[in-house]
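Residue strings, one per chain:
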Amino acid sequence: MILNKGIKYIPHKKFPYTRIIEKFDAHIKYITESILKKEKHLPKTWNMYKNFIRVEFIEELFKFSLDHPSQKDEKVLYNFLSINQLLLKAADKNLGWVLMDESWYHIKVMEHLLDDKIYKIVSPPDCNKISEEFKKILIDHGFTKEVIKELIAPQDVNIPIFQIIPKVHKSIPTGRPVVPNLNSPSTQASIWVDKQLKRVLNLFPWIIDGTKEMVRRLEQTTFNISDPVLISGDVTSMYTHIPIDRAIFWYKWFFTVYNIRFNSGIMKIPFPYTSAQWDKILIVLEWVLRNNYLRYQNKFYLQISGTAMGTNCAPNFAQIFLGILEWKYCHLKPIPRCLPPGYTRFIDDTWMISERSQIESTKNIIRSIATVFSWTFEIGQSVPFLDLRTHIGKNFKRHQRVDFEPYEKPFNSHLYTDPYQNYPTNYKFSWIQGEAIRMLRNSSTKKTFMSKLYEFRSNLFNRNYPKDIVEKYLNKVQWEHRPKYLEILKTPPFAKKVITLDYNPLWELFEDKTHDLLKNTSLAEYSL
């Protein structure tokens, strides 16, 4: 597209890091040979010094990067996009950047906003008036001054902008609707209600908090199934398809029925709130759901169904809504029923295992639990779920356990950040260790981990990451460390307050240089 539009500038030339490092290595080799000619033997600490000097040299070299785009480059690029009516947006699923026509983006936005079952056009809302009306509701329902102060937004708020994230992994590219709720009239209330809802999630044991918990479950669970098939399910547009009235009804219903069954000794975990507390939580929740204002260009809208992606309480609100319907399926008479074997869910993604002969009945169970949603399923001996690819392998035949490995998105082209950008060293490279830890945690066997690590190392080298630095970070992650990374981290009851500050390049001037590499050695007479 850029070539078709006629790009007319060339960014500045890249700093020749590879060539400089090669010259440095040549100098090190020359010094080594010089020492051997003169002294016959290398000092015992030479290899340590040589490697340490090389790493220090490379890290210092990176600080002089010229690869940051110049102001001229940025200005030319901005003008190029503006003149040609182009937009640059981050793709869904973290698949990189997408260059698109503004007209295409506008069409995809309006495909969402013209759905009058989800959005309606409103006059420009008065943010101060919205906050004042909410404050009156809180006072009328007996909220304390401290809680009201926490719930009411400050004066300088605005209506968030409706956006879409391009879904280029689809056969026909579409857009995922997002409303970044960072500073709107409902932001503070949404944050507060989200904290309260988190405590309710413990009542649904099939709901997990992420990949790490799924790994622990798979390693601890056996399945007595003779002809196993794995099934992963996904709810289509979950957030926007939750009817607000119906959601509030089921929230109230669940509190009443759950407590009846708890008092009868059927449920073992008590509901985390009293009736008065739960009523107040639902008052705030309903207000947040009914005040999802947004804007696009010069028009304002109100979301009248579900909640917007970007609203703080959206994930837990959706988790609990579907959790209540799942609980209702399991516990209500006349017939006690069970969810499918291994049934696990994280927001709108589900995972389960089934006998091959029962695939259709299993899918029908899931559809019947929440008829308000549409589902898509992936079925087979290997299916993705969250950050894992689960599969039926040798481990199932021997121990009736499901194997797993790190999941790699089909569109992943391994375009890692350019290692020669002008950022602090740890900022550029510490993620390598984090990614290696992810592979370690998400591999059910050592063989799988080593294979994935080998691929990762090769991909880093293909992106010109320095071998020394890659090995430095990868060597910190060993298979024997895996149990540590699967532990449940407990927050101390009185955690220390941490003050965070923005990074300042001047800090690097005050680094404590603890190693004087050439001091008191016979290497001092040799210079680079």
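Just so you know, these numbers come straight off a predicted model, no measurement behind them.

Undergrad: So what exactly am I meant to see when it comes to the packing of helix α12 (residues 314-331) against helix α13 (residues 359-369) here?
TA: The description of two packed helices rests on the angle between their axes and on the distance between the axes. Relative orientation of the contacting elements α12 and α13 amounts to 120 degrees, with a least axis distance of 9 Å. Classified by the angle between their axes, α12 and α13 sit oblique to one another. Note on element contacts: α13 touches α12 through Ile365, Ser368 and Ile369, opposite Leu322, Leu325, Glu326 and Tyr329. Residue classes in the contact of α12 with α13 are distributed as five nonpolar, one polar and one charged.

Undergrad: It is not clear to me how the pattern of salt bridges should be interpreted in this structure. Could you clarify?
TA: Opposite charge on two side chains lets them pair, provided their charged atoms get close. Evaluated as defined, the whole model comprises 13 salt bridges. We note a salt bridge from Glu219 to Arg482, for which the minimum N-O separation is 2.7 Å. A residue pair is termed long-range when its members are at least 10 positions apart, and Glu219 in helix α9 (residues 211-220) and Arg482 in helix α18 (residues 482-485) qualify at 263 residues. Judged by relative accessible area, Arg482 falls into the buried class, the value being 7%. Note that Glu435 is salt-bridged to Arg438, the shortest N-O span being 2.8 Å. Placement of the pair is Glu435 and Arg438 together in helix α15 (residues 425-441), with a separation of three residues, close to one helical turn. By relative accessible area, Glu435 is classed as partly exposed at 22%. Look at the salt bridges and you will find they share partners, linking Asp245, Glu286 and Arg290 into a network.

Undergrad: Honestly, the packing of aromatic side chains in this entry has me stumped. Any pointers?
TA: How two aromatic rings sit relative to each other is set out by the distance from centre to centre and by the angle between their planes. Overall, the coordinates contain 27 aromatic pairs when judged by the stated rule. Measuring from ring centre to ring centre gives 3.8 Å for Phe134 and Trp287, while their planes differ by 15 degrees; the resulting arrangement is stacked. In this pair, Phe134 sits in helix α6 (residues 127-140) while Trp287 sits in helix α11 (residues 275-289), placing the two residues 153 residues apart along the sequence. Residue Phe134 is classed as buried on the basis of its relative accessible area, which comes to 1%. Relative to Trp192, the ring of Phe143 lies with its centre 6.5 Å away and its plane at 70 degrees, an arrangement referred to as edge-to-face. With a gap of 49 residues between them, Phe143 in the loop between α6 and α7 (145-151) and Trp192 in helix α8 (residues 187-198) connect regions that are remote in the sequence. Accessibility assignment for this pair places Phe143 and Trp192 in one class, buried.

Undergrad: Any chance you could explain helix α10 (residues 244-263) here in plain terms?
TA: Think of an α-helix as turning once every 3.6 residues; residues three or four places apart then point the same way. Given a rise of 1.5 Å per residue, 20 residues ought to cover 28 Å, and the 29 Å separating the end C-alpha atoms of α10 matches this to within 8%. Those residues of α10 lying buried are Ile244, Ala247, Ile248, Trp250, Tyr251, Trp253, Phe254, Phe255, Val257, Tyr258, Asn259 and Arg261. The elements touched by buried residues of α10 are α8, α11 and α12. Downstream of α10 by a residue or two, Gly265 has a phi angle that is positive, lying close to 90 degrees.

Cut-offs used in this document
- Residues numbered from 1 in each chain as written.
- Predicted model: local features only at pLDDT ≥ 70, side-chain atom pairs only at ≥ 80, totals over all residues.
- Heavy atoms only, no water.
- Axes fitted to C-alpha atoms, helices over the stretch in contact; angles between N-to-C directions.
- Helix = DSSP H or I, 4+ residues; strand = E, 2+ residues; numbered from the N terminus.
- Parallel < 35°, antiparallel > 145°, perpendicular 65-115°, else oblique.
- Contact = heavy atoms within 4.5 Å.
- Nonpolar A, V, L, I, M, F, W, Y, C, P; charged D, E, K, R; others polar.
- Salt bridge = Lys/Arg side-chain N within 4 Å of Asp/Glu carboxyl O.
- Buried < 20%, exposed > 50% of the residue type's maximum accessible area, 1.4 Å probe, protein only.
- Phe/Tyr/Trp six-rings, centres within 6.5 Å; stacked < 30°, edge-to-face > 60°.
- Expected span 1.5 Å × (residues − 1).

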